[in-house]
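So you can see what is in the structure, the chains are spelled out below.
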There are 2 protein chains.
Amino acid sequence: MTNKSLKISDIAKKLNISSSTISRALTNPNLVAKKTRKFILKEVNKLKYIPNIHARNLRTKSSKTILFLVRDIDNQFYFEVFRGIEKVAKKSGYSVLMGSTDNDLKKEIDFFNMVKSNQVDGMILMTGRLPSRKIFSLNELKQMPIILSLEDIPEVNFNSLTIDNFQAAKEATNYLIKLGHEKIAHITSPLSETRIGILRRDGYRDALKKSGIKINSKFEYIGDYTVESGAAACKKLFKSANKPTAIFCSNDEMAYGAINQLRRMKINVPNKVSVIGFDDLPMSKSFYPPLSTIYQPRFLIGEKSMELLFEKIKIQKNKIDNIKLKTKLIIRDSSAKRIK
Amino acid sequence: MTNKSLKISDIAKKLNISSSTISRALTNPNLVAKKTRKFILKEVNKLKYIPNIHARNLRTKSSKTILFLVRDIDNQFYFEVFRGIEKVAKKSGYSVLMGSTDNDLKKEIDFFNMVKSNQVDGMILMTGRLPSRKIFSLNELKQMPIILSLEDIPEVNFNSLTIDNFQAAKEATNYLIKLGHEKIAHITSPLSETRIGILRRDGYRDALKKSGIKINSKFEYIGDYTVESGAAACKKLFKSANKPTAIFCSNDEMAYGAINQLRRMKINVPNKVSVIGFDDLPMSKSFYPPLSTIYQPRFLIGEKSMELLFEKIKIQKNKIDNIKLKTKLIIRDSSAKRIK
DNA sequence: TTGAAAGCGGTACCAC
DNA sequence: GTGGTACCGCTTTCAA
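Residues numbered from 1 in each chain as written. Chains lettered and ligands numbered in written order. Predicted model: local features only at pLDDT ≥ 70, side-chain atom pairs only at ≥ 80, totals over all residues. Heavy atoms only, no water.

### A closer look at the protein's contact with DNA strand C
Neighbouring residues of DNA strand C: 28 residues in total, closest A:Ser23, A:Arg56, B:Thr36, B:Arg59 and B:Lys61. Interatomic distance of 2.9 Å between a side-chain N/O atom of A:Lys7 and a phosphate oxygen of DNA strand C. A distance of 2.8 Å is found between a phosphate oxygen of DNA strand C and a side-chain nitrogen or oxygen belonging to B:Thr21. Going through the elements one at a time, α2 (19-27) and α4 (53-60) of chain A together with α2 (19-27) and α4 (53-60) of chain B are the ones with two or more residues in the surface near DNA strand C. Examining the composition of the surface near DNA strand C, we find that 5 residues originate from one element, α4(A), more than from any other. Each residue belonging to the surface near DNA strand C can be placed in one class, and the counts come to 12 nonpolar, 9 polar and 7 charged. (Near = heavy atom within 4 Å. Polar contact = N/O pair within 3.5 Å; in protein donor to acceptor, adjacent residues only side chain to side chain. Helix = DSSP H or I, 4+ residues; strand = E, 2+ residues; numbered from the N terminus. Nonpolar A, V, L, I, M, F, W, Y, C, P; charged D, E, K, R; others polar.)

Here's what the structure looks like:
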């Protein structure tokens, strides 16, 4: 671990050229005569020089790094989003880091401080919440190079990218109705923390209402996005005398849990009960039965979020247009016509 | 995005105390008189001062950050490992970043350069390979604060932590034999890239041999860790006249694929065919049927890897003891007695 | 226990 | 197009 690491001044001395020129040759090649540049780059490569990033960042007050902050890093959903972000970021020479709050308030504040202290140049937030106003004022937050992605926080009128959750849920429910189902249950997202759950539930309710189906609160089970809650929901729903013939779940994982539980109870999916999810996780197409679900354009979500962030970094304020993306209903084998 | 960010000298001026003392109060409190310290910290908190990490890192030549490098960041396997690493790292005030090579050589070299240039203080490698000797000499690599985790590269005698893959595979196969199976197929890891696949296959073969079962190369299918390859394997295995009654898969995902394919072919698991995986991913216990598999102590793997790394950072050389961890066979519902 | 000052390794301004 | 030099913000000697 001997760290006699090479610096610009070493190369400068060796080549009898000023540090400034070396630096320029490395970061602004077109400011340097072609001949000099070639001469320098040749030596730099030969010596395998690596710039000290801390020195550079200190001087430029920029790290060319952006942070993608999520609630739980192990959720399969995020990776394609990450790749979308990375693709756009890379084009401008930025790297992307992924951070996870794990519902830890302290961690969350640390990440925001990374933005505040310029340790990263910006942040894409998918956690659906902001730190307390006691830590950062709303005004301060709005000034920061941050984009809200997927989970909007409308009260604060922050730059954001969302999908149309209401419409997507409505479409899924309408599809079930078209299949002949009337007793349609819904396993929701956790409803208190984020708005997404409410929007999807309202989409579900709206579809029922518009089709003249009475909303039955017994058919709404408040889930928490886990496989286990999907299973628990089914246990409860099918204990009752009035059993649903279809279930719309607010994410795929709960749909997995629901289907597994139905199987344990010897209730066939989709013949007896249709199940439909939300997200279209990678697993869903190889699940058994392959899961009907709402596809969210994850890669695009990442790309567009990053574009928004770049825009915000550039214009340094909060006045850019927000974006709302469309989803798509994917029909596979977990849903079928109601057999009367 | 106005960045009038506060610095130590600002506080120094305001408090009429030298910057040195402020810095000490923040990083070496016991070098500062209690009274002064309290006075300083009170102001620091009030002003919400955040140290400039680039300046600090530049000065100390250490970032208190370590890198966890994997091949594909979206593999569920890694997260608990990550948490184990993080737990140990945190105790010493270190943060952990996770990086993914995505099989991109350039990316890989970049990550190694992060270590070389002190951008991170060390690295835990789970990619099972080192960059070409043309980029880094073997000697240079060995000097670097890097630990090989899970995927050893024995030719280079690098510090490493592994699990006993041979033994684990043998145990899984023996268990199937004990259930009365003799026609046991094996879906392997990709065999050319890493040693793990070979070790597991050899463990499988050894179990058969020791039980007097003839090794049948037709029963060995070379997989690639994906769900799809598990399904493809089954398609092929069950087209033949000589069908296996049990399958040992080199990871859980291929087991998922195998089970789904068997179901499509109306072959009941576990009544007709037993399937056993390797890894015990979070999904496996809620899979249908719940998957029998080899549990790898992921959290412990993370903790121990980080401890090894700290040791290596401390003693600055490659002479620490390597570690080999034990696995555990988890029996669930995807395996059963052979029905004759 | 505290302060002054040097310096980490780059970049960017200014002059030529 | 190139060089000299100040400076980014922190830590760490050294001296008091």
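Now that the structure has been shown, the text picks up again.
### Some remarks on the sheet that holds strand β6 (residues 184-188) of chain B
Residues and elements named next belong to chain B. Taken together, the 4 strands give an open sheet; going across it, the order is β7-β6-β8-β9, and neighbouring strands pair in parallel fashion. The sheet terminates laterally at β7 (220-222) and β9 (274-276), the two strands that pair on one side only. Within this sheet the neighbouring strands show an average axis-to-axis angle of 15°, counted without direction. With 4 bridges connecting them, β6 and strand β8 (residues 246-249) associate as parallel partners. Pairing of Ile 187 across the sheet is with Cys 249, part of β8. Each of β6, β8 and β9 is contacted by helix α8 (residues 165-178), which is oriented at about 170° to β8, the strand it contacts most. (Pairing = 2+ DSSP bridges. Axes fitted to C-alpha atoms, helices over the stretch in contact; angles between N-to-C directions. Contact = heavy atoms within 4.5 Å.)

### Description of the environment of B:Tyr288
Structurally, B:Tyr288 can be placed in the loop between β9 and β10 (293-295). Put simply, B:Tyr288 and B:Lys35 are 253 residues apart on the chain and 64 Å apart in space, counted from C-alpha to C-alpha. Excluding residues within four positions of it along the chain, B:Tyr288 makes contact with A:Asn260, A:Arg263, B:Ile259 and B:Arg263.

### Focus on the packing of aromatic side chains
Counted by the stated rule, this structure contains 15 aromatic pairs over all chains. Here A:Phe68 and A:Tyr78 contribute two aromatic rings whose centre-to-centre distance is 6.1 Å and whose plane-to-plane angle is 85°, an arrangement assigned as edge-to-face. One end of the pair, A:Phe68, is in strand β1 (residues 65-70); the other, A:Tyr78, is in helix α5 (residues 77-91), and 10 residues separate them in sequence. Its relative accessible area of 0% is what places A:Phe68 among the buried residues. On the numbers, 5.0 Å between centres and 70° between planes, the contact of B:Tyr94 with B:Phe310 is edge-to-face. Remark: B:Phe310 occurs in helix α12 (residues 298-315) and B:Tyr94 occurs in the loop between α5 (77-91) and β2 (95-100); sequence separation between them is 216 residues. Taken individually, B:Tyr94 and B:Phe310 each receive the classification buried, so the pair is uniform in this respect. Chaining the aromatic ring pairs together yields one cluster made of A:Phe68, A:Phe77, A:Tyr78 and A:Phe82. (Phe/Tyr/Trp six-rings, centres within 6.5 Å; stacked < 30°, edge-to-face > 60°. Buried < 20%, exposed > 50% of the residue type's maximum accessible area, 1.4 Å probe, protein only.)

### Side note on the protein's contact with DNA strand D
Surveying the vicinity of DNA strand D reveals 25 residues, the closest of which are A:Thr36, B:Ile8, B:Tyr49, B:Arg56 and B:Arg59. Interatomic distance of 3.1 Å between a backbone N/O atom of A:Ser18 and a phosphate oxygen of DNA strand D. For DNA strand D, a phosphate oxygen lies 2.8 Å from a polar atom in the backbone of A:Ala33. For the surface near DNA strand D, the secondary-structure elements that each account for two or more residues are α2 and α4 of chain A together with α2 and α4 of chain B. Class assignment for the residues of the surface near DNA strand D results in 9 nonpolar, 9 polar and 7 charged.

### Considerations on the sheet that holds strand β3 (residues 122-125) of chain A
Residue and element names in this part refer to chain A. With parallel pairing, 6 strands are arranged side by side in an open sheet as β2-β1-β3-β4-β5-β11. Unpaired on one side and paired on the other, β2 (95-100) and β11 (323-325) mark the two borders of the sheet. In this sheet, neighbouring strand axes are inclined to one another by 20° on average, regardless of whether the strands run parallel or antiparallel. Two strands pair when backbone bridges link them, and β1 and β2 are joined in this way by 6 bridges, in the parallel orientation. Looking at β2, one finds that Thr 65 is bridged to Ser 95. Lying over the sheet, α5 contacts β1, β2 and β3, oriented at roughly 150° with respect to β2.

### Here we look at the packing of helix α10 (residues 227-237) of chain A against helix α11 (residues 252-264) of chain A
Residue and element names in this part refer to chain A. Following both chains from N to C, one finds α10 and α11 inclined at 45°, their axes separated by 6 Å at the closest point. Our classification of the angle between α10 and α11 gives oblique. Pair α10 / α11 crosses with right-handed handedness. Residues Val 227, Ser 229, Gly 230, Ala 231, Cys 234 and Lys 235 of α10 form the contact with α11, whose own contacting residues are Glu 253, Met 254, Gly 257, Ala 258, Gln 261, Leu 262 and Arg 264. In terms of residue class, the contact of α10 with α11 is built from 6 nonpolar, 4 polar and 3 charged. (Parallel < 35°, antiparallel > 145°, perpendicular 65-115°, else oblique. Left-handed = near helix turned anticlockwise from the far one by under 90°.)

### Considerations on the domain arrangement of chain A
Under the domain assignment, chain A is made up of domain 1 (8-51), domain 2 (63-163 + 298-325) and domain 3 (165-295). One C-alpha centre belongs to domain 1 of chain A, the other to domain 2 of chain A, and the line joining them spans 36 Å. (Domains from an automatic or database assignment.)

### Description of the relation of the copies chain A and chain B
Turning chain A through 180° and shifting it by 0.0 Å along the axis lays it on chain B, with an RMSD of 0.1 Å. Interpreted geometrically, this transformation is the action of a two-fold axis. Taking the C-alpha atom as reference, chain A places A:His54 closest to the rotation axis, 2.4 Å from it. (Least-squares fit on C-alpha atoms with pLDDT ≥ 70 in both.)

### Looking at the interface of chain A and chain B
A common way to state how big an interface is: give the accessible area lost once the parts meet. Of the residues lining the interface, 46 residues belong to chain A; the matching set on chain B comes to 46 residues. Across the chain A/chain B interface, buried area totals approximately 4,400 Å², and carbon plus sulfur atoms make up 55% of it. Viewed at the interface, chain B and chain A are joined by 6 salt bridges. The salt bridge partner of A:Asp74 is B:Arg83, with a shortest N-O separation of 3.3 Å. (Buried area = accessible area lost by both parts, 1.4 Å probe. Salt bridge = Lys/Arg side-chain N within 4 Å of Asp/Glu carboxyl O.)

### Looking at the environment of B:Leu150
As for its placement among the helices and strands, B:Leu150 is situated in the loop between β4 (146-149) and β5 (160-163). Each C-alpha atom, one on B:Leu150 and one on B:Leu161, is 5.8 Å from the other, the two residues being 11 residues apart in sequence.

### Quick word on the pattern of salt bridges
Opposite charge on two side chains makes pairing possible when the charged atoms of those side chains draw close. Residue and element names in this part refer to chain A. Counted under the stated rule, the structure contains 32 salt bridges over all chains. Across the pair Glu 220 and Arg 205 runs a salt bridge whose closest N-O atoms are separated by 2.8 Å. Of this pair, Glu 220 sits in strand β7 (residues 220-222) while Arg 205 sits in helix α9 (residues 196-210), placing them 15 residues apart in sequence. For Glu 220, a relative accessible area of 17% puts it in the buried group. Given a relative accessible area of 26%, Arg 205 falls into the partly exposed group.

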